[in-house]
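Residues per chain, in single letters:
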Amino acid sequence: MKKEKLNSPDAALLRQKAEEHLRKKHSVKASPLTVSSEADSMKLLHELEVYQIEFEMQNEELKLASEKAENATEKYTAIYDFAYTGFFTLGADGNICELNLSGARMLGKDRSSLENSNFKQFVTIDSRSGFIDFLRKVFETGSKQTCQARLIVKGSPSIFVHLEGIISGDEEKCLLTAVDISKRMQAEGILKLKAHEFELFNELMETSDQQLLELKKEINFLLNKLGEKEKFKIDE
């Protein structure tokens, strides 16, 4: 079977390198050929040696490419697993196909026990309808969607998360990111409570000032009745 040659710049460069390597290999033992059959045999041998060198070079390049791909995969896996953000891959029904370690920690379970379970069961009742609507829009629109939900965590208080979802390249899965915003929500809740307390305090102070004003008027009125000088100056 004859080897098929590739018509590409890379193949031509590889051929050139193989030829140079072979010339260097035989430069010290080259001898003139006088017989035609011997010349043909040498030519065939030359081609075979070139192909062998090309094959060895290709194997070396493939080995280097494989090592680079393996290193890149290890780096990606480390980033994926140990990122602060929880990463999930969900089906249209909400089933968890894949997740990283941070995602598993968010739900308080081992990653292996969470695969093939449904994400909806970890969403609290009060925020489940919003999550279901969010997931539906991801698949219907094909564009990025966001929502906030509260998640049930085994052995710990529930947490608030900000969710972003987008359809995968094959349009069959939802790529979901989850960020714990519990502390932010707690801070916002405290801020709203303090603002409400401040409003009540202002209302109380306004009421007290009005009551004090009425009391001063009443005292002045009584002093007038008694023919005495008014005690308080009142600005209307």
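Computed from a prediction, not measured in an experiment: that's the story for all the values here.

Reading the values: the criteria
- Residues numbered from 1 in each chain as written.
- Predicted model: local features only at pLDDT ≥ 70, side-chain atom pairs only at ≥ 80, totals over all residues.
- Heavy atoms only, no water.
- pLDDT = per-residue confidence, 0-100.
- Contact = heavy atoms within 4.5 Å.
- Pairing = 2+ DSSP bridges.
- Helix = DSSP H or I, 4+ residues; strand = E, 2+ residues; numbered from the N terminus.
- Axes fitted to C-alpha atoms, helices over the stretch in contact; angles between N-to-C directions.
- Expected span 1.5 Å × (residues − 1).

**Q** In this structure, what is going on with the confidence of the model for the protein chain? I would like to understand it.
**A** Note: predicted coordinates in regions of low pLDDT should not be interpreted at a detailed level. When pLDDT is averaged along the protein chain, the result is 76, and 65% of the positions lie at 70 or above. Low pLDDT, under 50, characterises residues 1–7; the predicted model gives this stretch six contacts beyond four residues in sequence or across chains. Contacts from residues 28–35, a stretch scored under 50 in pLDDT, to residues over four places away or in other chains number three contacts.

**Q** What is the right way to look at the sheet that holds strand 1 (residues 86–90) in this model?
**A** Consider a sheet: its strands pair through backbone hydrogen bonds, and that pairing is either parallel or antiparallel. What the five strands build is an open sheet, ordered 2-1-5-4-3; its pairing is antiparallel. Only two strands of the sheet have a single neighbouring strand rather than two, namely strand 2 (96–99) and strand 3 (145–151). Neighbour to neighbour, the strand axes of the sheet diverge by 30° on average, direction disregarded.

**Q** It is not clear to me how the pairing of strand 2 should be interpreted in this structure. Could you clarify?
**A** Consecutive residues of a regular strand have side chains that alternate between opposite faces of the sheet. In terms of strand pairing, strand 1 meets strand 2 through three bridges, oriented antiparallel. In the sheet register, leucine 90 faces strand 2, and the bridge partner there is isoleucine 96. What sits between the antiparallel neighbours strand 1 and strand 2 is a turn of five residues, in which glycine 94 has the positive phi angle 95°.

**Q** What is the right way to look at helix 5 (residues 125–141) in this model?
**A** The α-helix winds at 3.6 residues per turn, so residues separated by three or four positions along the chain end up facing the same way. Over its 17 residues, helix 5 runs 25 Å from end to end, which matches the ideal 24 Å to within 8%, given 1.5 Å per residue. The inward-facing, buried residues of helix 5 abut strand 1, strand 3, strand 4 (159–167) and strand 5 (174–180). Glycine 142, located one to two residues past helix 5, shows a positive phi value of around 75°.

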